[in-house]
Amino acid sequence: MKITSPFSRRMALGFSAALLAVAAHAQEGSSIVIQGKDNWLFPGWGSLTQVDSRGIDAATQLVRETRDALAAKGIQLEVLVLPDKTLFYQDKLPDGKALSADVKKRYQTIQDKLKQAGVSTFDDEAVLKRVKDGGQDVFYRTDQHWTQAAADATAEALAQRIKQDVKTLAGKPGTGMPLGSVVNERRYGDLAELFLTPDQRKQAGRETFTVRRQADNQSLLDDAPAPVHVTGHSMVQPYFGFPQKLSNALDRPVSVNWKPGNVGHWIMLLEYLESPAFKQNKPQVLVWQMFEPTYSQGPDAKGLWDNASILSADTWRSRMKAAVGQAAGTAAAR
């Protein structure tokens, strides 16, 4: 699987047909977006007060089983849980809305559960707090996605973690992606463009998106097999620069598969594991990107994931183990 062109506004929107249908009700005052202070917008489809502790435990068990299955084939699993936007901009929530104490510590709860299960991960909330404390925004004001500064910092932290866990990456030095020049795009964020009325959108205003161009005479990935693969949703798409920065920091090719919208991280992992790309060129490291607000939603979360993505936990587990079990040899032996 190759990284595709990062410069597509349509890619940046990152919503499925189901959520786009919800957008049709925006002019009727849909609660899909929380309109905060100073024209800050937040996704309205997650709870600000409730934490599904049982769901977190069940999800962690499936993650642990995945780690074990991959480890048996010599593949290192790195779980990347991205924190919620509201954690960093609580002061921008509208009057009458606030995070509960449990939600404020939900990210750390997930981190603790993963560490207790022996799953390799790192505290991206701490990474992004340092970025914000340094004077840079970590999420766009009118968009659900992170900024390039946040994506870059996370990629660097993940690269450090991978280097700690895998002493020698396959491939040749000098095959990482060189970083191109940075350009700015002035536009509405996805939350404003899709879910606000024209008048509300005008009030929210456009903002500047920073993206990195492809380096001159450099394809996003060469033909060498990538020792590191990233699977996830629209936060890790090339538009926001994450896989390019990770490749540069590791000095190795990085491949990625992702989809926008509410398909969920469960089906995205299966899609990769069941693909010819995985069977033909197993990675040494598999990065599984998740999102804090939806971590507790299992593969059977009806009404939350796209209908085509819904699987029972047992079905998901069986397919995962079958796909990994079909991989011959070990990634470390490449």
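Residues numbered from 1 in each chain as written. Predicted model: local features only at pLDDT ≥ 70, side-chain atom pairs only at ≥ 80, totals over all residues. Heavy atoms only, no water.

(A) Representation of the environment of Thr210. Mapped onto the fold, Thr210 is located in strand 5 (residues 207-214). The sequence separation of Thr210 and Phe240 amounts to 30 residues, and the corresponding C-alpha distance is 8.1 Å. Within the structure, Thr210 has its side chain in polar contact with the side chain of Asn184 (distance 3.0 Å). (Helix = DSSP H or I, 4+ residues; strand = E, 2+ residues; numbered from the N terminus. Polar contact = N/O pair within 3.5 Å; in protein donor to acceptor, adjacent residues only side chain to side chain.)

(B) Seen up close, the pairing of strand 7 (residues 254-258). Across the 5 residues of strand 7, 5 count as buried, placing the element largely inside the fold. Traced from strand 6 (residues 228-232) through helix 10 (residues 242-250) to strand 7, the parallel crossover comes out right-handed. (Buried < 20%, exposed > 50% of the residue type's maximum accessible area, 1.4 Å probe, protein only. Right-handed = clockwise from strand over helix to strand, strands pointing away.)

(C) Highlighting the pattern of salt bridges. Applying the stated rule across the entire model yields 17 salt bridges. With a closest N to O distance of 3.7 Å, Lys321 and Glu65 form a salt bridge. Taken together, the positions of Lys321 in helix 13 (residues 313-325) and Glu65 in helix 3 (residues 53-71) put the pair 256 residues apart, joining distant regions of the chain. For Lys321, a relative accessible area of 43% puts it in the partly exposed group. Accessibility expressed as a relative area gives 11% for Glu65, which makes it buried. With a shortest N-O distance of 3.3 Å, Glu156 and Lys245 are connected by a salt bridge. Within this pair, whereas Glu156 is found in helix 7 (residues 148-165), its partner Lys245 is found in helix 10, the two being separated by 89 residues in sequence. Sharing partners across several salt bridges, the network here consists of Glu65, Asp314, Arg317 and Lys321. (Salt bridge = Lys/Arg side-chain N within 4 Å of Asp/Glu carboxyl O.)

(D) Quick peek at the confidence of the model for the protein. Averaged over every residue, the pLDDT of the protein is 88; the share at 70 or more is 86%. Throughout residues 1-30 the model reports pLDDT below 50, and contacts reaching past four residues in sequence, or to other chains, amount to 82 contacts. Note on residues 329-334: pLDDT under 50 across the span, and 18 contacts to partners over four residues away in sequence or across chains. (pLDDT = per-residue confidence, 0-100. Contact = heavy atoms within 4.5 Å.)

(E) Local environment of the pairing of strand 8 (residues 285-291). In terms of burial, strand 8 is a largely internal element, 7 of the 7 residues being buried. Side chains Val285, Val287, Gln289 and Phe291 of strand 8 all project onto a buried face; the interleaved residues Leu286, Trp288 and Met290 project onto the opposite face, where all are buried too. Pairing of strand 6 with strand 8 involves 4 bridges; the strand directions are parallel. By the bridge assignment for strand 8, Thr231 is matched with Trp288. (Pairing = 2+ DSSP bridges.)

(F) A look at the sheet that holds strand 3 (residues 76-82). On the basis of which strands lie adjacent, the open sheet formed by 4 strands has the order 3-8-6-7 and parallel pairing. In this open sheet, the two edge strands, each paired with only one partner strand, are strand 3 and strand 7. Recorded for the sheet is a direction-independent mean angle of 20° between the axes of neighbouring strands. Pairing of strand 6 with strand 7, which is carried by 5 bridges, proceeds in the parallel orientation. The partner of His229 across the bridge, within strand 7, is Ser255. (Axes fitted to C-alpha atoms, helices over the stretch in contact; angles between N-to-C directions.)

(G) View of the nonpolar core. Ranked by internal contacts, the top residues of the largest apolar core, which has 83 residues, are Val63, Phe242, Leu246 and Leu273. It is helix 7 that contributes the most residues to this core, 8 residues altogether. Filtering out sequence-adjacent residues up to four positions away, Leu246 remains in contact with Ala155, Leu158, Ala159, Ile162, Val228, Val230 and Val254. Membership of the second largest hydrophobic core comes to 10 residues, among which are Val33, Leu191, Leu194 and Phe195. (Core = buried A, V, L, I, M, F, W, Y, C linked by side-chain atoms within 4.5 Å.)

(H) Geometry of the packing of helix 3 against helix 5 (residues 106-116). The interhelical angle for the contact between helix 3 and helix 5, taken along N-to-C directions, is 40°, at an axis separation of 10 Å. In terms of their interaxial angle, helix 3 and helix 5 are classed as oblique. The handedness of the crossing between helix 3 and helix 5 is right-handed. Facing Ile56, Asp57, Thr60 and Val63 of helix 3, the residues of helix 5 in contact are Arg106, Thr109, Ile110, Lys113 and Leu114. A breakdown of the residues in the contact of helix 3 with helix 5 according to their chemical character gives 4 nonpolar, 2 polar and 3 charged. (Parallel < 35°, antiparallel > 145°, perpendicular 65-115°, else oblique. Left-handed = near helix turned anticlockwise from the far one by under 90°. Nonpolar A, V, L, I, M, F, W, Y, C, P; charged D, E, K, R; others polar.)

(I) Quick peek at the packing of helix 3 against helix 13. Closest axis-to-axis distance for the helix 3/helix 13 pair is 10 Å, and the angle between their directions is 15°. If you check the angle between helix 3 and helix 13, you find them roughly parallel. Of the two possible hands of crossing, helix 3 and helix 13 adopt the one that is right-handed. Contacts between helix 3 and helix 13 involve Leu62, Glu65, Thr66, Ala69 and Leu70 on the former and, on the latter, Ala313, Trp316, Arg317, Met320, Lys321 and Val324.

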